[in-house]
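Here is how the chains run, residue by residue.
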Amino acid sequence: SPRCSLSDAISSITGPCEGETTGLPDDESAIKRDLVEMINDPTLRNVVLWRLDGESVDEIARRLDCVPRTVRRKLLLIREILNREKGDDFGASSP
C-alpha cells in the first residue's frame, strides 16, 4: 500500500469528528513522531496520539473529561500549529 504523506497524517488527526474514528497504519511511526514533536503542549500531544491511534472525538472527550466541542477546538488548534510549523495549508476541511 502507498505510504501516507504528512498531509494525510494531519488530516487523519483533525477529521472526521462526529464520533468517527481515524488513524494511520502502524508503519507510519516516523510521521507520527514528527507530528507529535511539533506540538509542545502535553494535552494537545495526547490528543494527537489518541487521534493517530484511531480514537473518536467522543472517546477523547471522555478521556479529558470535557465535551466533544472542546476536543474539536483542540483539533483546530492542532491544525493551526501544524500548518504554522510546516508553513503549508494541509487541508481546508474543518474537523
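Residues numbered from 1 in each chain as written. Predicted model: local features only at pLDDT ≥ 70, side-chain atom pairs only at ≥ 80, totals over all residues. Heavy atoms only, no water.

**Here we look at the overall build of the protein**
Phase 1 of the analysis: Broken down by element type, the protein carries five helices and zero strands.
Phase 2 of the analysis: For the protein, the N- to C-terminal ordering of α and β elements is α-α-α-α-α.
Phase 3 of the analysis: Counting only contacts in the protein whose residues sit at least 6 apart along the sequence, the fraction spanning at least 24 positions is 58%.
Phase 4 of the analysis: For the protein, the accessible surface area stands at approximately 5,300 Å², while carbon and sulfur atoms represent 45% of it. (Helix = DSSP H or I, 4+ residues; strand = E, 2+ residues; numbered from the N terminus. Contact = heavy atoms within 4.5 Å. Areas by Shrake-Rupley, 256 points an atom, 1.4 Å probe, with all protein chains shown as cover.)

**Here's the deal with the packing of helix α2 (residues 29–37) against helix α3 (residues 42–52)**
Phase 1 of the analysis: Running from amino to carboxyl end, α2 crosses α3 at an angle of 160 degrees, the nearest separation of the two axes being 9 Å. Relative to α3, α2 is oriented roughly antiparallel. For the element pair α2 and α3, the recorded crossing hand is right-handed. Counting all contacts with α2, which are made through K32, L35, V36 and E37, the residues of α3 involved are R45, V48, L49 and L52.
Phase 2 of the analysis: Residue classes in the contact of α2 with α3 are distributed as five nonpolar, no polar and three charged. (Axes fitted to C-alpha atoms, helices over the stretch in contact; angles between N-to-C directions. Parallel < 35°, antiparallel > 145°, perpendicular 65-115°, else oblique. Left-handed = near helix turned anticlockwise from the far one by under 90°. Nonpolar A, V, L, I, M, F, W, Y, C, P; charged D, E, K, R; others polar.)

**Quick notes on the nonpolar core**
Phase 1 of the analysis: Judged by nonpolar contacts, the single largest core of 18 residues is most densely connected at L35, I39, V48, V71, L75, I78 and L82.
Phase 2 of the analysis: Setting aside its immediate chain neighbours within four residues, V71 contacts V57, I60, A61, L64 and C66. (Core = buried A, V, L, I, M, F, W, Y, C linked by side-chain atoms within 4.5 Å. Buried < 20%, exposed > 50% of the residue type's maximum accessible area, 1.4 Å probe, protein only.)

**Looking at the packing of α3 against helix α5 (residues 68–86)**
Two quantities define a packed helix pair, namely the angle between the axes and the distance from one axis to the other.
Phase 1 of the analysis: Between α3 and α5, the shortest axis-to-axis distance is 10 Å and the interhelical angle comes to 95 degrees. Considering the angle they form, α3 stands roughly perpendicular to α5. Residues T43, L44, V47, V48 and R51 of α3 touch α5, and the partners they reach there are K74, L75, L77, I78 and I81.
Phase 2 of the analysis: Within the contact of α3 with α5, the residues separate by chemical class into seven nonpolar, one polar and two charged.

**Focus: unusual backbone geometry**
Phase 1 of the analysis: For D65, which is not glycine, the phi dihedral falls at a positive 55 degrees.
Phase 2 of the analysis: Tracing the backbone through its elements, the reader meets D65 in the loop between α4 (57–64) and α5.
Phase 3 of the analysis: For D65, a relative accessible area of 72% translates into the label exposed.

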